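Here is how the chains run, residue by residue.
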Amino acid sequence: MTDVDIHSLKSLIVFKTLFETGTASQAARTLDITQSGVSRSLAQLERNLGIQLFLREKNRLIATPEARELYGEILRLMGNIEELRHSVLALKEFGTSRLRIAAIPGLSFGLVPRLIAGLLEVNRGYSISFDMMASHEVLRSVESGHADLGFVTLPVSTRMLRIEPWITTRAVCLVPTAHPLSKRAVIEIQDLNGQFLVIGNQPNIGADPLLNLIAQHGVRIAGKTEANIGAIPALVTNKVGLSVMNPVTAQDQLTQRASVKIRPFRPEIEFAFGLVYRDDWKRSRALELIRQQAPAVLRHYGLDTSTRDID
């Protein structure tokens, strides 16, 4: 096959239209050219490719297997061209053609998706990839350049990234509505005596702040179920046990609100979350737009934010 130039691209457009319409006359009407122009373009394309694309039977054109293969390749090419068009628009609007976001599970069920939705309201053509992973994996992903922005649990230690503290929340207790403790206005650590708990599974269970409090106060629980944070509210809903977790994840996950009561927990356990990014992203248009979305998103959770850089 000869090199592809503007003339062969035009021939491919004629071929695509001819393949879809089935007749030279209909293709000519669709493209607003003469029928002889369609025939000349097809003949030139077949010469360039060195293959026959249609069998001619009286007034009918029957596509060959090679034509079907070429048609599929043209559709893929057109898809790539459309993706390129979106990338160019995004480059003009945001200074980057694609935004790659990584976030911890606790913020991935509602908060980060709301930020992404707000970003896409500015430009629907923007290309975004979103991955959910553990906090240390988010950090590594942004440091290595596999992600552009990352939402992590604070504190974190990194010499390579900028850190913006975004949210500090206080733990709440999730209690099944039918449980006697659901009538309490506040759940105290001593109230967990003899209770079954649902806690997040993590590599170092000794680092769990709730279990540390339980040990410090001499509380004896009846047992515990460890689970991914995304499954904890569902387990509480199904009366597996009580849980103490950050209120953002609790609100995002509790679709059956009537089945679970959310109560303040004492003594307070703080959860802090932040945004991390490389230094070359500090003046990114995309980053600034995400910051602009933040106040409205955090108000949804009854939270406020004031971002700042830590070098």
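It should be noted that the structure appears before, not after, this text.
Note that the coordinates shown come from a computational prediction; the quantities given were computed from them, not determined experimentally. (Residues numbered from 1 in each chain as written. Predicted model: local features only at pLDDT ≥ 70, side-chain atom pairs only at ≥ 80, totals over all residues. Heavy atoms only, no water.)

A word on the pattern of salt bridges
Note on pairing: side chains with opposite charge can pair once their charged atoms come close. For clarity, the cut-off: Throughout this description, the term salt bridge denotes a Lys or Arg side-chain nitrogen within 4 Å of a carboxyl oxygen of Asp or Glu. Here a helix means four or more residues in a row that DSSP labels H or I, a strand means two or more in a row labelled E, and each is numbered from the N terminus. Accessible area is worked out with a 1.4 Å probe on protein chains only. A residue is then buried under 20% of its type maximum, exposed over 50%, and partly exposed in between.
With the rule as written, the count across this model stands at 11 salt bridges. In this structure, the salt-bridge partner of Asp148 is Arg278, at a minimum N-O distance of 3.5 Å. With Asp148 in the loop between helix H7 (135-144) and strand S5 (149-154) and Arg278 in strand S13 (residues 270-278), this residue pair connects regions lying 130 residues apart in the sequence. Asp148 gets classed as buried once you look at its relative accessible area, which sits at 3%. Arg278 is the salt-bridge partner of Asp280, the closest N and O atoms lying 3.7 Å from each other. The class of Asp280 is exposed, set by a relative accessible area of 61%. With relative accessibility at 16%, the residue Arg278 sits in the buried group.

A look at the nonpolar core
Rules: Here, the term nonpolar core denotes a set of buried Ala, Val, Leu, Ile, Met, Phe, Trp, Tyr and Cys residues that are joined through side-chain atoms within 4.5 Å. The contact criterion used is simple: two residues touch if any of their non-hydrogen atoms lie within 4.5 Å.
Leu111, Phe151, Leu192, Leu210 and Phe265 are the most contacted members of the largest nonpolar core, which has 60 residues in total. In terms of residues, this core owes the most to one element, helix H11 (residues 285-300), which gives 7 residues. In this structure Phe265 touches Ala171, Val172, Cys173, Ile187, Glu188, Ile189, Leu192, Leu210, Leu213 and Val244, once residues within four positions along its chain are discounted. Grouped together as the second largest cluster of nonpolar side chains are 19 residues, Leu12, Phe15, Ala28 and Ile74 included.

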